[in-house]
Amino acid sequence: MRALLRFVFLAVLMLPAAPALAQEFAVSQLLAESPELSGREITIEGELVGDYGFRGDGWMWTQLNDDVYVDHPLRDGIAPAGGNIGVGVRIPSDLAEGLDHPGGYHHRGPVVRVTGIWRHHDPDRQGESYLDVESLAVIEAGRDLDEGVVWWAVAVGSGLILTAWAIWWMRPGRDGS
Amino acid sequence: MLIRPVAEDFRVISFYLGRIFLVVAAAGLLPLAWAAIAREWGPFGSFLLMVGVLALLGVVGVRFGPEEPKLDWSHGMVVVALTWLVIPIVGAIPLLLSGHFVRPLDAFFDSMSGLSTTGLSLLSDLDHLASSLNFWRHLLQFLGGQGIILAALTIFAGTGGITLYFGEARDERILPSVTSTARFIWGVSVVHLIFGVTALGLVGWLALGFDLDRALFHGLLIFFAAFDTGGFSPMSTSIGYYHSALFEGFTSLLMVAGAMSFGLHYALWRGPRRAIFANLETRTILSTFGFTLLVTLLGLAATSVFATAVGLTRQGFFQVLSAHTGTGFSTVSTAELARWGGLAFGGIAIAMALGGMGSSTAGGVKSLRIGLTIKSVVNQIKQVLLPEHALVGTGYYQSGEKHLSPPLTQSVMIISLLYVALYLLGAGIGLAYGIPLQEALFESVSASANVGLSVGVTDPSMPVLLELTYMLQMWAGRLEFVAVFSLLGFIYAWVKGR
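Conventions adopted
Residues numbered from 1 in each chain as written. Chains lettered and ligands numbered in written order. Predicted model: local features only at pLDDT ≥ 70, side-chain atom pairs only at ≥ 80, totals over all residues. Helix = DSSP H or I, 4+ residues; strand = E, 2+ residues; numbered from the N terminus. Buried ≥ 20, exposed ≤ 12 C-beta atoms within 10 Å, placed from the backbone. Contact = placed C-beta atoms within 7 Å. Core = buried A, V, L, I, M, F, W, Y, C linked by C-beta atoms within 7 Å. Nonpolar A, V, L, I, M, F, W, Y, C, P; charged D, E, K, R; others polar. Pairing = 2+ DSSP bridges. Expected span 1.5 Å × (residues − 1). pLDDT = per-residue confidence, 0-100. Axes fitted to C-alpha atoms, helices over the stretch in contact; angles between N-to-C directions. Parallel < 35°, antiparallel > 145°, perpendicular 65-115°, else oblique.

1. Remarks on the overall build of chain A
For step 1, the next point in the chain: A tally of helices and strands in chain A yields 6 helices and 8 strands.
For step 2, the next point in the chain: When the elements of chain A are put in sequence order from the N terminus, they spell out α-β-α-α-β-β-α-β-α-β-β-β-β-α.
For step 3, the next point in the chain: Looking at chain A as a whole, 36% of its 177 residues are labelled buried.
For step 4, the next point in the chain: Partitioning the contacts of chain A with sequence separation of at least 6, the portion at a separation of at least 24 is 60%.

2. Let's talk about the nonpolar core
For step 1, the next point in the chain: Residues Leu54, Ala55 and Met352 of chain B are the most contacted members of the largest nonpolar core, which totals 161 residues.
For step 2, the next point in the chain: Among the elements that take part in this core, helix α1 (residues 7–37) of chain B stands out by supplying 15 residues, more than any other.
For step 3, the next point in the chain: Excluding its chain neighbours within four sequence positions, the residues that come into contact with alanine 55 of chain B are Leu160, Ile161 and Ala164 of chain A together with Leu22 and Ala25 of chain B.
For step 4, the next point in the chain: Listed in part, the 25 residues of the second largest apolar core include Leu48, Tyr52, Ile91 and Tyr130 of chain A.

3. Re the interface of chain A and chain B
By a widespread convention, an interface's size corresponds to the accessible area lost as its parts come together.
For step 1, the next point in the chain: Contacts between the two partners involve 49 residues from chain A and, on the opposite side, 53 residues from chain B.
For step 2, the next point in the chain: Breaking the side of chain A that touches chain B down by element, the ones donating at least two residues are α2 (27–32), β2 (41–54), β3 (59–65), β4 (86–92), β7 (128–140) and α6 (151–170) of chain A.
For step 3, the next point in the chain: Classifying every residue of the side of chain A that touches chain B by side-chain character gives 24 nonpolar, 20 polar and 5 charged.

4. A short note on the environment of glutamate 248 of chain B
All names here are of chain B.
For step 1, the next point in the chain: Mapped onto the secondary structure, glutamate 248 falls in helix α11 (residues 245–259).
For step 2, the next point in the chain: The buried category is assigned to glutamate 248, around which 24 C-beta atoms lie within 10 Å.
For step 3, the next point in the chain: In sequence terms glutamate 248 and serine 330 are 82 residues apart; their C-alpha atoms lie 9.8 Å from each other.
For step 4, the next point in the chain: What glutamate 248 contacts, discounting residues up to four positions off in sequence, is Ile239, Phe318 and Thr331.

5. Focus on the pairing of β4 of chain A
Residues and elements named next belong to chain A.
For step 1, the next point in the chain: Within β4, 6 of the 7 residues are buried, leaving the element largely enclosed by the surrounding structure.
For step 2, the next point in the chain: Direction of pairing for β3 relative to β4: antiparallel, over a ladder of 7 bridges. Residue pairing in the sheet places glutamine 63 in a bridge with glycine 88 of β4.
For step 3, the next point in the chain: As paired elements, β4 and β7 share 2 bridges and run parallel to each other. When the bridges of β7 are listed, valine 89 appears paired with leucine 131.

6. A closer look at unusual backbone geometry
Residues and elements named next belong to chain B.
For step 1, the next point in the chain: The residue histidine 243 is not glycine, and still its phi comes out positive at about 45°.
For step 2, the next point in the chain: Here histidine 243 lies in the loop between α10 (212–227) and α11.
For step 3, the next point in the chain: Among the residues examined, histidine 243 registers 25 C-beta atoms within 10 Å and is labelled buried.
For step 4, the next point in the chain: Non-glycine residue asparagine 450 carries a positive phi angle of around 55°.

7. Focus: the environment of methionine 255 of chain B
All names here are of chain B.
For step 1, the next point in the chain: Tracing the backbone through its elements, the reader meets methionine 255 in helix α11.
For step 2, the next point in the chain: Using a count of 29 C-beta atoms within 10 Å as the deciding quantity, one classes methionine 255 as buried.
For step 3, the next point in the chain: A sequence separation of 24 residues divides methionine 255 from glycine 231, and the C-alpha atoms of the two residues are 9.6 Å apart.
For step 4, the next point in the chain: Once residues lying within four places of it in the same chain are set aside, the contact partners of methionine 255 are Ala226, Thr229, Leu321, Ser322, Thr325 and Thr327.

8. A look at the pairing of β2 of chain A
For a regular strand, side-chain orientation follows a simple rule: the groups alternate between the two sheet faces.
Residue and element names in this part refer to chain A.
For step 1, the next point in the chain: Taken together, the 2 bridges between strand β1 (residues 23–24) and β2 define a ladder with parallel strand orientation. Residue pairing for β2: glutamate 24 is matched across the bridge by threonine 43.
For step 2, the next point in the chain: Pairing analysis gives 7 bridges linking β2 to strand β6 (residues 111–122), with the strands arranged antiparallel. Paired with threonine 43 across the strands is threonine 115, a residue of β6.
For step 3, the next point in the chain: Note: β2 against β3, 5 bridges, orientation antiparallel. When the bridges of β3 are listed, glycine 53 appears paired with tryptophan 61.

9. As for the environment of serine 28 of chain A
Residue and element names in this part refer to chain A.
For step 1, the next point in the chain: The residue serine 28 is located in helix α2 in this model.
For step 2, the next point in the chain: Under the C-beta neighbour-count criterion, serine 28 is labelled partly exposed, with 13 such atoms within 10 Å.
For step 3, the next point in the chain: Sequence-wise, serine 28 and glycine 86 are 58 residues apart; in three dimensions their C-alpha atoms are separated by 7.9 Å.

10. Details of helix α9 (residues 178–207) of chain B
For step 1, the next point in the chain: Here α9 of chain B is 30 residues long and its end C-alpha atoms lie 42 Å apart, about the 44 Å a rise of 1.5 Å per residue gives.
For step 2, the next point in the chain: Downstream of α9 of chain B by one or two residues, glycine 209 of chain B has phi in the positive range, about 80°.

11. Describing the confidence of the model for chain A
For step 1, the next point in the chain: Of all residues in chain A, 84% attain a pLDDT of 70 or more, and the chain-wide mean is 88.
For step 2, the next point in the chain: When the criterion is pLDDT under 50, residues 14–19 of chain A qualifies, and its contacts beyond four places in sequence or with other chains add up to 0 contacts.

12. With respect to the packing of helix α14 (residues 309–324) of chain B against helix α16 (residues 342–354) of chain B
Residues and elements named next belong to chain B.
For step 1, the next point in the chain: Packing of α14 against α16 leaves a shortest axis separation of 7 Å and a crossing angle of 30°. Classified by the angle their axes make, α14 and α16 are roughly parallel. Contacts between α14 and α16 involve Gln319, Val320, Ala323 and His324 from the first element and Gly347, Ile348, Ala351, Met352 and Leu354 from the second.
For step 2, the next point in the chain: Residues that form the contact of α14 with α16 fall into these classes: 6 nonpolar, 3 polar and no charged.

So this is what it looks like as structure tokens:
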């Protein structure tokens, strides 16, 4: 009975904090409802791509993508399915230290879950929109992406260049004849 | 009576096309080397294939050509129109083999968009694209903006250059010979390249905290896209990726430089500079930019999109400048741009439709035509209001005193009307597919004026007919119709002529 009362007491204590719990959004939804979500604490999950811009002011800027390529990179052989869906994120430098290489051609970047305040047209940054990250958890480490040489293209391309070279040198008049 | 082209006509066209293909094959060695250095072996093979196709086409073309080719006006126009069709097809090979496109046609679309300096894209997963392929997309914009023909003229001086030069939508010869004009244009471009890449690279490295190699990579690609008013960007979030007013500032300077006519560049370099602001074209573009900026800012202010005047001005200014110069960069998402209704949306659409200066890398109707149209309308009104025998001045200043003659007025009106028709064509087809009028018109203007801003209509799932229409718009808009009509006339004469 005492345990039950303790549980109820704790639950009541936590009630006021409930609305402040970060709600999880897809980036596409975040972009679609950007003005309405301004100033709210939200959670998004996705791959960090591009560059890690440590600006020396305690912040690191990068881009977080939440699209089909996070789980299924094109280089794994899946069919292309449209453009990327990403947002800028500003992460405290200390949280960003030690992250794997950001996503690009040779790498799938780390997949992270970040929570922070959505800044829609932030007046302090002359109207930029971005997620001001407060916490970060790495869900999946980055990994190298395999690449295959397109051998037939190498062979055909080399053949065409050699043929062009041969025709060029065989043209009449080169030797004055 | 229509005269059917004879074998000699085809041989002349083949000769000049061959030379141009060889120049582009040489340009293709750059991304090939880049792929090797970056150890991107997949793209390496596809670039080798592209260079091989171009080299073979080039050599066969020259080999098939006559000993002493004599290029007349119609040959020149056909060469230009075909160049701007074939290069995007062959240039699409590495894009197609990358696996980043849903349909083969989409790779051709992106290649045409790059070469015509439009910037609309159907590429999937740009953020994982090989750096060499990204470099090639942007190099296409540089080649297209500068003019492939111009590159060929710089290397192969010879007869017929003037026809090719004008065929590529350039209407002023800055120096006495076309070759020296071409070399001047390349000189201006190289100076801007050094300044642009250095400035953007330093901002990326020192202010944004990128690694030096990545900062230079971003600097180079953004330079290509800004100075040639192309609008491709290395990352999917365009210039919004950088979150930097300083980076946007330097990019804006390059966009302005790209939208300036090379005649104006010449005046800036070698004076007299006072004459610059007397030019009808300069006055027109300053007026139309001020007008569209004001309309857009009022629209954004009325709908309270931004909380502060500074935010509104920075974001509104960049979007309007990008639209008016025909670049197509953005600092806001496609979803947000689509939400900018009313005046703001209209301001940006009008800015896109008007375009930059003539003989620049920008698209659209062009400022000189707008200025001359307004002037001729004002003259007509004056003529009506003044006494019957009063004479209305028809002079205007554009690098010297000029006369607005009836044939010039007619030519200006025809081209301007053709642009309006082109804008309506794409909008009409978009409407037929159920796209709302506002979005259909915006995207159509963006394609025709070679801008590249999008409200989401351009997408891999778009209908094929609409995709083909946008490609036609990009091609015809970039060449300002004359070369396109010449090609159609040439084909018609071939089929129906005697």
